[in-house]
Amino acid sequence: MPRQVVSHRDGHVYEFGPEMDPVYEAADGEPLTIETRDSLNGAIQSDDDLLDAIPDEVNAATGPIAVAGASPGDLLAVEIEDVRVAEDRGRVLTAPGFGLRQDDPEIDRPATRITEVDRDDAGGSEIGGGGRIDFEGIDVPIEPVIGTIGVATGGETVSTLTPDDHGGNLDTTDVTGGTTVYFPTFQEGPMLAMGDAKAAMADGKMCGTGAEIATEVDVTVSVIADPVVPLSRAVVDTGDAVKTLASAETLEAAVELANGDMLDLLAYNHGFSHTEAYLFSSLVGGLEVSQVVDPQVTARNAVPSEYLSLPF
């Protein structure tokens, strides 16, 4: 099946809500290429371009994309086959009132560093996946991450700056090529949208950004009807591990939610009681931090695939 291209030029959103109008309807199992623009809409092109405040419209998410046959209670599987950088530079920056050390007097706010893409390493004359970016003369491998990805919410409208149960601004390094993300479906559709990609980003995203960059993303979208284990939040299968993702106002609350979601999967997979799943979760895998800078923080609970297979 040829890939349909869905571009930010076709449509994009700055919030996820319960009522979203699709820019395209995909068939169950359809492969797509999704074009995203950088999270700041091209406003930052040099070190002299500074961000005095977080814009009202930030993290443009291409879509929404409806997927035929998906109803509330189903799951949407998004198999991410490849993420390719699609411009010659990224940008990493600070802004007033944003980031882990937003009150540190020794850190300039705002500040910008452009991270040029090494075209030779990135595929000859064309910009693509792989390669490196340059930060102040230091090479950093390009390992693209989709920062914002999610579906229509079950109730409140949520900015693309904020992560929650629907996904959104998860800023999770595992949301990349070679992984599959499973989302609960809250509305008919269920209205997938994504953007806010980075050429490179560390767990935590301490300064508030990665190397923000435009991308092309190859995905296949599939519907899982009536899952034997319902999901309340997103789950990522990296091939090596299963990771439950959760966002909350505090890191403690986020990791508790992520662990609770993992217990449901472990209990079903092994026939454990809830207590046995809880005990086992303290023996394998562990808790990981996705990001600590957005309006809610995001954490994940990882269990190696040798101990857990997803039941869908």
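Refer to the structure printed above.
Residues numbered from 1 in each chain as written. Predicted model: local features only at pLDDT ≥ 70, side-chain atom pairs only at ≥ 80, totals over all residues. Heavy atoms only, no water.

*Asks:* What is the right way to look at the packing of helix α1 (residues 251-270) against helix α2 (residues 274-281) in this model?
*Replies:* Where α1 meets α2, the closest approach of the two axes is 8 Å, and the angle between their N-to-C directions is 110°. Regarding the angle of α1 to α2, the classification is roughly perpendicular. Between α1 and α2 lies a crossing whose hand is right-handed. Together, Asn 259, Leu 263, Asp 264, Leu 266, Ala 267 and His 270 of α1 and His 274, Ala 277, Tyr 278, Phe 280 and Ser 281 of α2 make up the contact between the two elements. (Axes fitted to C-alpha atoms, helices over the stretch in contact; angles between N-to-C directions. Helix = DSSP H or I, 4+ residues; strand = E, 2+ residues; numbered from the N terminus. Parallel < 35°, antiparallel > 145°, perpendicular 65-115°, else oblique. Left-handed = near helix turned anticlockwise from the far one by under 90°. Contact = heavy atoms within 4.5 Å.)

*Asks:* I would appreciate a short explanation of the pattern of salt bridges in the present structure.
*Replies:* Oppositely charged side chains are able to pair whenever their charged atoms sit close together. In this structure the tally under the stated criterion is 22 salt bridges. When the shortest N-O distance is used, the salt bridge between Arg 132 and Asp 139 registers 3.8 Å. On the basis of relative accessible area, Arg 132 is assigned to the partly exposed category, the value being 28%. Judged by relative accessible area, Asp 139 falls into the partly exposed class, the value being 45%. Residues Asp 174 and Arg 300 are paired through a salt bridge, measuring 2.8 Å at the closest nitrogen-oxygen approach. Here the residue Asp 174 occupies a position in the loop between β15 (167-168) and β16 (179-184), and Arg 300 occupies one in strand β22 (residues 297-304), the gap between them amounting to 126 residues. Of the residues examined, Asp 174 reaches a relative accessible area of 12% and is grouped as buried. Among the residues examined, Arg 300 registers a relative accessible area of 2% and is labelled buried. (Salt bridge = Lys/Arg side-chain N within 4 Å of Asp/Glu carboxyl O. Buried < 20%, exposed > 50% of the residue type's maximum accessible area, 1.4 Å probe, protein only.)

*Asks:* I keep staring at the sheet that holds strand β10 (residues 132-135) and nothing clicks. Help me out?
*Replies:* Adjacent strands of a sheet form backbone hydrogen bonds with each other and so pair up, either parallel or antiparallel. Pairing is antiparallel across the open sheet formed by four strands, whose spatial order is β8-β9-β10-β11. Every interior strand has two partners, whereas the edge strands, β8 (89-94) and β11 (138-141), have only one. With strand direction ignored, the average angle separating the axes of adjacent strands in the sheet is 30°. Bridging between strand β9 (residues 111-117) and β10 involves two bridges; their strand directions are antiparallel. Its bridge partner lying in β10, Val 117 is registered against Ile 133. (Pairing = 2+ DSSP bridges.)

*Asks:* Got a minute to help me understand the side chain of Ser 290 in this structure?
*Replies:* Within the secondary structure, Ser 290 is located in strand β21 (residues 286-291). The buried category is assigned to Ser 290, whose relative accessible area is 0%. Beyond its immediate stretch of four places on either side in the chain, Ser 290 contacts Leu 170, Asp 171, Thr 172, Asp 203, Gly 204, Lys 205, Thr 298, Ala 299 and Arg 300.

*Asks:* For this particular structure, what's the right way to read α2?
*Replies:* Turn by turn, an α-helix covers 3.6 residues, leaving residues three or four places apart pointing in a common direction. Of the residues making up α2, those classed as buried are Ala 277, Phe 280 and Ser 281. Relative to the axis of α2, the buried residues are bounded by an arc of 100° and lie together on one face. For α2, the exposed residues lying more than 90 degrees away from the buried face are Thr 275 and Leu 279. (Arc of directions from axis to C-beta.)

*Asks:* Sorry, what's going on with the nonpolar core here?
*Replies:* Nonpolar side chains in soluble globular proteins generally cluster together in the buried interior. One finds Val 78, Ile 80, Ile 146, Ile 149, Met 194, Val 219 and Val 221 to be the most contacted residues of the largest nonpolar core, which totals 27 residues. Sorting the residues of this core by element identifies β5 (30-36), β6 (61-67), β7 (75-85), β12 (145-150), β16, β17 (192-198) and β18 (215-224) as the ones contributing at least two each. Discounting residues that sit within four places of it in the chain, Val 221 has contacts with Ala 26, Ala 27, Asp 28, Gly 29, Glu 30, Leu 32, Val 67, Leu 76, Ala 77 and Leu 192. Core analysis: the second largest hydrophobic core is formed by 19 residues, Tyr 182, Met 262, Ala 267 and Phe 280 among them. (Core = buried A, V, L, I, M, F, W, Y, C linked by side-chain atoms within 4.5 Å.)

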